[in-house]
Amino acid sequence: MKILGLLLLLVSSSAWACWSIDLNLGIDGEDYKFQQKIDHDKKYALPLGPYILNLKLIKNKNKMINFEYKLEERKEKKLILITQGEEEIAINVKKEIYAKGEENQPHSIITLKLSPL
């Protein structure tokens with residue numbers, strides 16, 4: 001039991017870190033909201049109305065989080081790319097990402113706030 005306790009002390013607590021994410025997507029005059037617990041270094045696909053937001057959180061060396069995203073729209077049996085990118089965000093700070101749409105696609109605003117759990 002003592003060995004298990006020592007091992008837990010040696011392993012960084014950030015290895016089990018998870019985040020509470022509050023996310024709003026504004027696109028084509030419509031707003032979609034999402035709130036959930038997510039883990040870093042995992043990919044997520046969030047259905048938001050006719051859109052799918054693929055995201056991944058990656059911890060970086062500056063104690064910031066890299067937010068990778070790809071927004072697609074479902075049309076019939078196809079997925080059409082709206083926008084994609086990567087942003088660096090701070091913890092517990094609301095961040096607005098102005099995502100320029102691909103050619104002939106609408107621009108979008110992704111507002112998010114990450115809080116550690």
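Please read all numbers here as calculations on a predicted model, not as lab measurements.

A word on the nonpolar core. Core analysis: the largest hydrophobic core is formed by 26 residues, its most contacted members being Leu23, Leu53, Leu55, Phe67, Ile110, Leu112 and Leu114. Listing elements by their share of this core, those giving two or more residues are β1 (18–27), β2 (30–39), β3 (43–48), β4 (51–59), β5 (65–75), β6 (78–89), β7 (95–99) and β8 (108–116). Considering each element in turn, this core owes the most residues, five residues, to β1. In contact with leucine 55, other than residues within four places in its own chain, are Leu23, Ile38, Lys42, Lys43, Tyr44, Leu46, Phe67, Glu68 and Tyr69.

The strands making up a sheet associate through hydrogen bonds between their backbones, and the pairing can be parallel or antiparallel. Strand order in the open sheet formed by four strands is β3-β4-β5-β6, with antiparallel pairing between adjacent strands. Two strands bound the open sheet, and with one partner strand each, they are β3 and β6. Going across the sheet, the axis of each strand differs from the next one's by a mean of 20°, ignoring polarity. Direction of pairing for β3 relative to β4: antiparallel, over a ladder of six bridges. Residue pairing for β4: proline 47 is matched across the bridge by isoleucine 52.

Scanning the model with the defined rule gives two aromatic pairs in all. The interplanar angle of 25° and the centroid separation of 5.6 Å between the aromatic rings of phenylalanine 67 and tyrosine 69 together place this pair among those described as stacked. According to the relative accessible area criterion, phenylalanine 67 is buried, its value standing at 0%. Under the relative-accessibility criterion, tyrosine 69 is labelled buried at 7%.

With that settled, the discussion passes to the sheet that holds β1. Taken in spatial order, the four strands of this open sheet run β2-β1-β8-β7, and their pairing is antiparallel. This sheet does not close on itself; its edge strands, each paired only once, are β2 and β7. Taken over all neighbouring pairs, the strand axes of this sheet differ in orientation by 20° on average, direction set aside.

Quick look at the pattern of salt bridges now. If you walk through the whole model with that rule in mind, you get three salt bridges. The closest approach of N and O atoms between aspartate 39 and lysine 42, which form a salt bridge, is 3.3 Å. For aspartate 39, a relative accessible area of 23% corresponds to the partly exposed category. The residue glutamate 87 makes a salt bridge to lysine 95 at a minimum N-O spacing of 3.7 Å.

One can find asparagine 60 in the loop between β4 and β5. The class of asparagine 60 is partly exposed, set by a relative accessible area of 21%. Considering only alpha carbons, one finds asparagine 60 and glutamate 88, 28 residues apart in sequence, at a separation of 8.9 Å.

Parameters at a glance
Residues numbered from 1 in each chain as written. Predicted model: local features only at pLDDT ≥ 70, side-chain atom pairs only at ≥ 80, totals over all residues. Heavy atoms only, no water. Core = buried A, V, L, I, M, F, W, Y, C linked by side-chain atoms within 4.5 Å. Buried < 20%, exposed > 50% of the residue type's maximum accessible area, 1.4 Å probe, protein only. Helix = DSSP H or I, 4+ residues; strand = E, 2+ residues; numbered from the N terminus. Contact = heavy atoms within 4.5 Å. Pairing = 2+ DSSP bridges. Axes fitted to C-alpha atoms, helices over the stretch in contact; angles between N-to-C directions. Phe/Tyr/Trp six-rings, centres within 6.5 Å; stacked < 30°, edge-to-face > 60°. Salt bridge = Lys/Arg side-chain N within 4 Å of Asp/Glu carboxyl O.

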